[in-house]
Amino acid sequence: MSNPGPSVLYSGNAAFIEQLYETFLRDPGQVEPEWREYFASLQADGAGRDTPHSQVVQKFSDAARQPRAAAAPGAASPAIHQKQVSVLQLINAYRFRGHQQADLDPLKQHERPKVPELDPAFHGLDQADLDAKFNTGSLFAPNELALREILDIVRETYCRTIGAEYMHINETEQKRWIQQRLEEIRSKPGFGIDKRKRILDRVIAANALEEYLHTKYVGQKRFSLEGGESTIPLLDELVQASGTHGVREVVIGMAHRGRLNVLINIIGKRPHELFGEFEGKYGGDSASGDVKYHLGYSSDIQTPGGVVHLTLAFNPSHLEIIDPVVEGSVRARQDRRLDRTRDQVLPVLLHGDAAFAGQGVVMETFQLSQTRGYTTGGTIHVIVNNQIGFTTSDPLDSRSTLYCTDVAKAVQAPIFHVNGDDPEAVVLAGKLALDFRMEFKKDVIIDLVCFRRHGHSEADEPAATQPIMYRQVRKHPGVRRLYAERLVQEGAMSQADVDAMAKEYVDSLESNRPVAGTLATNVDTKFLINYAPYKGTAWNMPADTALSAEMVARLTERLTTLPEGFALHPTVQRIIENRRKMGAGEMGMDWGYAENMAYAALLDQGYPVRLSGQDSGRGTFFHRHAVIHNQEDGTTFLPLQHIRPGQPSFLVINSTLSEEAVLAFEYGYSSAEPSSLVIWEAQFGDFANGAQVVFDQFISSCEAKWGRFCGLTVMLPHGYDGQGPEHSSARLERFLQLCAQENMQVCVPSTPAQMFHMLRRQVIRPYRKPLIIMSPKSLLRHKLSVSPVDLLVKGRFELVIDEIDPLDKGAITRLVFCAGKVYFDLLEARRSNSISNIAIGRIEQLFPFPHKEVKAVIDSYPNLKEVVWVQEEPKNQGSWYYMQSRGTMIGALGEHHTFGYAGRHYSASPAVGSMGLHQKQQKQLVDDALALTKLEVTTHRKSA
Ligand SMILES: Cc1ncc(C[n+]2csc(CCOP(=O)(O)OP(=O)(O)O)c2C)c(N)n1
């Protein structure tokens, strides 16, 4: 063990001196006279309030290196001064690293490695110094104490059952806040008898429910919370105390572990409802339902600070993906309440230790946490750290970080590690976490270190792979017994009181009384969504999406009016001027104008709009320009925020470079806010598969599994422009494969007017299903893909568009159907080759498949012989397999028609890398479609 040497400074001490200096700047009276003199002398040296703190530290360091230097505190006696500095270093070492020596593991499996800096000897302090008095340098403890007492304080504060990790935070105020809250009580809760009884009651509830289910439903999976029962008093504290902070809604996200326990003991689900699920009864009305430990619930709980609405989000098995979904849901609720300070709706996320450390979406969600478009003002994270994930117990295998919580340091969240065997410490950590979140509006972590009584599920035998750990587990009496014994021993309760408490709980379970806190009866429903209007609606219900001519003129004016003197980029200026002409009918509408008009009209009619994605403000392909940048001062202006006074909110926001978390967030948002148009846009459709779990587990199946409506719109730029394998395909085939039971809509609009009406239809119809759009790229600038402005006034979204050229219907023998951009290649080639026997139709909505409309087009050609599906994608991709299936195109074909394919061959990669080869393939498929070459592919008869 070595003394740090002539330099008394190391990084820990530097932080301490900086802190002291800040205190001095705020109020010189709050620092010790020696330090006051020292800092004053720096100012006398010419350094003023603006002196960088690093310079203060440097000067101090220099002074300390020179024993005769008069400027440093205590300089009159360098030896004493050296000891004093060492004591301060020691105190600071506990603040930094005390958690590494804290008593956190209920299983006491491993001796924690010694931290040299926590030993006084490391700082040159010996036995003889223990009784010497030193300045504590602390605002929260007496100024001067014997070293022995100082050691007691820092060990009690930082090395008992709460290990606080917070010195990584840069903001001095936040660090100071935590220091004060912990040091002034030495991390001892000091709860009164009522509070302690409530904690025991909740611990008993947590444990007794599991034991009850264990004996009543033998061998059934429930992902027991046993070993981590302190989770329940912790959540109880968060809910009860949140009311006093003015929180009106708490949205909880969590995985399997302890979920049934939370449903019953925190959210207030009726016990018999759960028992029914164990008995295989299904009470829901959704198409498939889900297992009991994925189901959500909501209730209203009475707290001392008023009623708090609790929601437990429905979630799939996929660990951690619920995190951004909850954040989106919270943000929607905050927006609905105009809760700009984010005081009224609180997100709480429960995690497993292995999942928290391992799943990337955790980091993505942290990265969203303070951004403009996604912040929810801080989340309380609870890690139910049972020190094992499935069978991975050894941290060598499950992570590379010291703690499973280290990823949270990226956003400078404070982390309270706490021993689950001390429920009072756990509740204290919860209280601090909530107070911190409400004060600083940042994420905060509680790492509840506990154990898992059984295997991963109750059917598992854990000792087969974790023999040593489970030897300890089996010796452990459980927190319920430990805490009850403690209260009895301390005279707070009698054993008879404890037994009565347990009996009362089981009686309540059996007689189906809610066993969470008090359920509220007088609930304010003002901010709750009524989903009744969305029930029983159909995709083909009409939607009045057209505008009056007056609206077109007024909204165009609003979209093209900028503040006086706003300096536009010349290209943007031209775009704005063109938008004026488009509105006046002097130019065909382009996609940028049509899309902006769709939003403008929705806002005008009272529907909020939220659009997010990478570069969404401008549009990846430079077409949207919903955010206009002043070329002189860099300020921005959003015309869509100036449609009319009192309009609903419009937010277009460039997202972080994430697909998974951002899409999940928007799913959560749209599910909680059905009145808004909520859009997530991928940069290119290819990138959507980074968020595949969100499509599979939520977007396509939320209604079938959970009966949850979701009207999210997803724009996936798609189309074969020769940009290579990665910028061509949004994997349309995968979305079509997910389609069933009218679970979502898949559309490929081919014109600006179609985009306009489709976006408006999505909100104006009370039909809330996800909308997947294969959105345009090169079409945005295609000379033929423009629409007359009248289509805003008299149009609607067309499911199918028949031939547009005046061909003789009787002469048509082949009908070519396609979707999207390839239509224009076909049209141009058909025109330039003067072909008159082939008609081209577009199917703009692929799912739900518009049978009636497709059949009507087919039947309108009396001499038709064949129908050909044309696509740019390879044959194993795109829509071909879908079109071939009996339920779709073949169902609409007449008996005598053959059905052919023109498109790329089977391919492992979505597209080729060479532009030359791309063009050759593209020409080939167009030629095939137009019978300029013979179709090489087999045709299919309806009767086949
Ligand atoms: C994304 C994902 N991968 C794998 C699994 C399978 N799985 C279910 S629970 C589990 C272990 C989770 O460990 P931990 O996060 O520590 O939670 P615990 O079960 O210990 O409470 C795994 C790997 C899953 N559900 N989700």
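Cut-offs and rules
- Residues numbered from 1 in each chain as written.
- Predicted model: local features only at pLDDT ≥ 70, side-chain atom pairs only at ≥ 80, totals over all residues.
- Heavy atoms only, no water.
- Core = buried A, V, L, I, M, F, W, Y, C linked by side-chain atoms within 4.5 Å.
- Buried < 20%, exposed > 50% of the residue type's maximum accessible area, 1.4 Å probe, protein only.
- Helix = DSSP H or I, 4+ residues; strand = E, 2+ residues; numbered from the N terminus.
- Contact = heavy atoms within 4.5 Å.
- Pairing = 2+ DSSP bridges.
- Axes fitted to C-alpha atoms, helices over the stretch in contact; angles between N-to-C directions.
- Salt bridge = Lys/Arg side-chain N within 4 Å of Asp/Glu carboxyl O.
- Near = heavy atom within 4 Å.
- Polar contact = N/O pair within 3.5 Å; in protein donor to acceptor, adjacent residues only side chain to side chain.
- Areas by Shrake-Rupley, 256 points an atom, 1.4 Å probe, with all protein chains shown as cover.
- Nonpolar A, V, L, I, M, F, W, Y, C, P; charged D, E, K, R; others polar.
- Parallel < 35°, antiparallel > 145°, perpendicular 65-115°, else oblique.

### Notes on the nonpolar core
Counting 143 residues, the largest nonpolar core has Phe817 and Met889 as its most contacted members. With ten residues, the single largest contributor to this core is helix H21 (residues 591–604). With near-sequence residues (within four places) excluded, Phe817 lies in contact with Val800, Gly841, Arg842, Ile843, Val854, Val857, Ile858, Val867, Val868, Trp869, Val870 and Met889.

### Looking at the environment of Glu37
Its place among the elements puts Glu37 in helix H2 (residues 33–44). Its relative accessible area of 59% is what places Glu37 among the exposed residues. Remark: the alpha-carbon pair of Glu37 and Gly227, spanning 190 residues in sequence, is separated by 54 Å.

### Some details on the sheet that holds strand S7 (residues 345–352)
Taken in spatial order, the eight strands line up as S3-S9-S10-S8-S7-S4-S6-S5 in an open sheet, and their pairing is mixed. Edge positions in the open sheet fall to strand S3 (162–165) and strand S5 (297–303), since each of these has one partner strand only. In this sheet, adjacent strand axes meet at a mean angle of 20° when their direction is disregarded. Pairing analysis gives four bridges linking S3 to strand S9 (residues 415–419), with the strands arranged antiparallel. Of the residues in S9, the one forming a bridge with Ala164 is Phe416. Each of strand S4 (249–253), S5, strand S6 (306–312), S7, strand S8 (380–385) and strand S10 (444–449) is contacted by helix H8 (residues 231–244), which is oriented at about 65° to S5, the strand it contacts most. Packing of helix H9 (residues 259–267) onto the sheet brings it into contact with S4, S5 and S6, and relative to S5 it is tilted by some 40°.

### Things to note about the pattern of salt bridges
According to the stated counting rule, one finds 53 salt bridges in the structure shown. We note a salt bridge from Lys409 to Asp406, for which the minimum N-O separation is 3.8 Å. Residues Arg731 and Glu733 are paired through a salt bridge, measuring 3.3 Å at the closest nitrogen-oxygen approach. Pair check on accessibility: Arg731 and Glu733 agree, each one buried.

### Looking at the site of the ligand
Close to the ligand lie 15 residues; His256, Arg257, Asp353, Ala355 and Ile388 are nearest. A distance of 3.0 Å is found between an oxygen atom of the ligand and a backbone nitrogen or oxygen belonging to Ala354. Residue Ala355 places a main-chain N or O atom 2.9 Å away from an oxygen atom belonging to the ligand. For the ligand, whose unbound accessible area comes to 580 Å², protein coverage reaches 76%. With three residues, helix H12 (residues 353–358) is the largest single contributor of residues to the shell around the ligand. The residue makeup of the shell around the ligand, split by class, is five nonpolar, eight polar and two charged.

### Quick word on the sheet that holds strand S11 (residues 609–613)
In spatial order, the strands read S14-S11-S15-S16-S18-S17-S22; together these seven strands make up an open sheet with mixed pairing. If you trace the sheet from one side to the other, it starts and ends with strand S14 (650–654) and strand S22 (845–847), each paired once. Sheet twist, expressed as the average angle between the axes of neighbouring strands with direction ignored, equals 20°.

### A short note on the packing of helix H11 (residues 322–336) against helix H13 (residues 360–368)
Where H11 meets H13, the axes come as close as 8 Å, and the angle between the chain directions of the two elements is 25°. Compared by their axis directions, H11 and H13 come out roughly parallel. Seen from H11, the contacting residues are Asp323, Pro324 and Glu327; seen from H13, they are Val361, Val362 and Thr365. Its residues placed into classes, the contact of H11 with H13 shows three nonpolar, one polar and two charged.

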